[in-house]
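Single-letter residue listing:
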Amino acid sequence: MKKNEIILARIFSTASASALALLILIAGVRIDYFSRIAAGIDNSTLSGSGANIYNYYYYSGLDAVYRLLFIAAATALVISVIAVLFKLKGCGIICRIAGFSTLATGVYLLLAGIFEKSQVIHSFIIGFYMEGVQKNTIEAGHFLPKVPVCAVLLVTVSIILLLLVRVTKFEKIKLYINSTEGDAMKIFIAVFYGSIFMDLIRGYIVQVFALNLDQSGVMAYTYLKEYFVAERWLLCIPLAVYGTVTMVLAVVLRNRLNKMLYKILCMGVPVSCAAVIGIYYMLNPARIFGRLTLDEHVCDLTEAAMIFYVLQIIAAVVFMVFFIYSTYMKNRTVKMLFVIMAVNAVSCLLFMAAGKAIMGLAGIYAGCFFADLMCSAFVYSSLADKLAAKATHL
């Protein structure tokens with residue numbers, strides 16, 4: 001084979017390995033790998049069975065870390081496939097990140113199975129949720145598969161991916177060095193921020209704020225999360241999905257459509273999907289009174305929070321889409337990306353604190369809504385470009 005043919009074969013092999021790892025993650029392992037086990041533990045026996053309580057918190061603890069690894073790996077794998085096929089800058093770096101994050105996910109699953117019977121590990125993880133846990137009182141459950149096929153496949157494919165990236169040497173291929181397309185690493189930072197902070201960390205912050213409300217506010221939050229949100233899976237679509245759709249449309253359709261139609265498809269499709277889903281559920285709210293409680297005050301708090309909960313999801317998708325689109329099209333510096341992320345994170349915290357003081361639970365979600373709208377306008381305005389120009393000289 002000629003040298004060019006060998007390089008081409010390595011490039012497509014790298015893309016195939018990334019796609020295969022992504023398929024194993026999404027179809028085989030899935031993001032709810034540990035949460036399914038926790039949910040499968042009989043909740044009706046938690047109060048009467050110490051073993052069930054311990055196992056429930058154990059797998060919930062494993063799930064908290066696993067979700068971070070899964071999101072990082074899945075996001076990096078999608079971007080690596082697009083970067084290889086469409087010759088984005090930073091292709092080699094993002095492929096390495098995809099390989100190492102997938103390897104870490106696979107190793108984590110293997111270790112979870114190996115130490116499933118360890119009372120020491122159980123007591124360590126459960127200690128984050130319950131105080132005074134003694135390892136000799138724990139009856140470790142055995143819910144993970146004895147032969148973790150998907151975990152072994154993930155580790156194997158990730159190692160192959162890393163070897164392919166090493167021998168391909170994207171940094172020395174002219175097609176990737178001289179590429180005028182966007183930077184894959186910057187896109188990954190934008191998508192990863194939305195997936196980690198806006199989806200996971202911000203959810204934990206909202207929970208902390210909500211649990212510090214009065215008794216009625218805490219009950220309203222419980223009804224909102226465990227009844228309204230849990231039964232409407234479309235509201236639980238991760239921001240990473242909207243961000244990935246935006247990124248794929250932006251890369252695939254670039255220079256193939258006129259500018260106006262290109263913008264409409266890249267930004268309009270994800271935002272429209274989120275808006276349609278949100279408006280549908282706003283027009284069909286959950287019925288709390290007479291079904292879960294007869295307290296009219298709690299019902300009013302829950303219904304008000306439902307509206308702003310849906311609105312903040314739509315606003316989060318708008319910010320995510322604008323952030324990723326502008327990152328790809330305007331090729332902003334990494335420093336500017338961190339400025340935008342810092343502005344969004346700080347404004348969310350300030351607006352949530354102010355909203356809690358003014359409106360309670362609904363105000364917390366209203367704070368997220370207004371913060372994301374403000375940051376969306378900031379990202380898409382000329383002000384962000386001016387700051388980006390100044391940041392390059394600092």
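Everything that follows concerns the structure shown earlier in this document.
Let me sum up the structure you'll find in this document.

On to the nonpolar core. Counting 118 residues, the largest nonpolar core has Phe-34, Tyr-59, Phe-228, Leu-361 and Tyr-365 as its most contacted members. At 20 residues, the largest contribution of residues to this core is made by helix α12 (residues 296–330). Aside from chain neighbours lying at most four places away, what touches Leu-361 is Ala-210, Leu-213, Gly-217, Ala-220, Tyr-221 and Ala-305.

A separate point is the environment of Ile-31. Mapped onto the elements of the fold, Ile-31 is located in the loop between α1 (3–29) and α2 (35–40). Of the residues examined, Ile-31 reaches a relative accessible area of 26% and is grouped as partly exposed. In sequence terms Ile-31 and Leu-69 are 38 residues apart; their C-alpha atoms lie 9.5 Å from each other. Apart from residues lying up to four places away in sequence, Ile-31 is in contact with Asp-63, Tyr-66, Arg-67, Phe-70 and Ile-71.

Right, let's talk about the packing of helix α8 (residues 184–211) against helix α10 (residues 239–253) for a bit. Put simply, α8 and α10 touch, their axes get as near as 9 Å, and they point 160 degrees apart. Viewed along their axes, α8 and α10 adopt a mutual orientation that is roughly antiparallel. Helix-helix and strand crossings are classified by hand; for α8 and α10 the assignment is right-handed. Residues Ile-187, Val-191, Gly-194, Ser-195, Met-198 and Asp-199 of α8 touch α10, and the partners they reach there are Leu-239, Ala-240, Gly-243 and Met-247. Split by residue class, the contact of α8 with α10 holds 6 nonpolar, 3 polar and 1 charged.

Following the criterion strictly, the structure yields 5 salt bridges and no others. A salt bridge links Arg-36 to Asp-32; the nearest nitrogen and oxygen atoms lie 3.3 Å apart. In this structure Arg-36 comes out as partly exposed when scored by relative accessible area, which is 36%. Of the charged contacts, one joins Asp-372 and Arg-202 as a salt bridge, the two residues approaching to 2.9 Å between their closest N and O atoms. Of this pair, Asp-372 sits in helix α14 (residues 361–380) while Arg-202 sits in helix α8, placing them 170 residues apart in sequence. Residue Arg-202 is classed as buried on the basis of its relative accessible area of 3%.

Moving on, we come to the environment of Val-346. Looking at the secondary structure, you find Val-346 in helix α13 (residues 334–359). Judged by relative accessible area, Val-346 falls into the partly exposed class, the value being 45%. For the pair Val-346 and Ala-371, spaced 25 residues apart in sequence, the C-alpha separation works out to 9.0 Å.

Now for a negative patch on the surface. Together, Asp-295, Glu-296, Asp-300 and Glu-303 give the surface a local cluster of negative charge. Mapped onto the secondary structure, Asp-300 falls in helix α12.

Cut-offs and rules
Residues numbered from 1 in each chain as written. Predicted model: local features only at pLDDT ≥ 70, side-chain atom pairs only at ≥ 80, totals over all residues. Heavy atoms only, no water. Core = buried A, V, L, I, M, F, W, Y, C linked by side-chain atoms within 4.5 Å. Buried < 20%, exposed > 50% of the residue type's maximum accessible area, 1.4 Å probe, protein only. Helix = DSSP H or I, 4+ residues; strand = E, 2+ residues; numbered from the N terminus. Contact = heavy atoms within 4.5 Å. Axes fitted to C-alpha atoms, helices over the stretch in contact; angles between N-to-C directions. Parallel < 35°, antiparallel > 145°, perpendicular 65-115°, else oblique. Left-handed = near helix turned anticlockwise from the far one by under 90°. Nonpolar A, V, L, I, M, F, W, Y, C, P; charged D, E, K, R; others polar. Salt bridge = Lys/Arg side-chain N within 4 Å of Asp/Glu carboxyl O. Patch = residues over 30% accessible without salt bridge, like charges linked within 9 Å, V, L, I, M, F, W, Y side chains within 5 Å. Areas by Shrake-Rupley, 256 points an atom, 1.4 Å probe, with all protein chains shown as cover. Lys, Arg positive; Asp, Glu negative; His and termini not counted. Charge placed at Lys NZ, Arg CZ, Asp CG, Glu CD.

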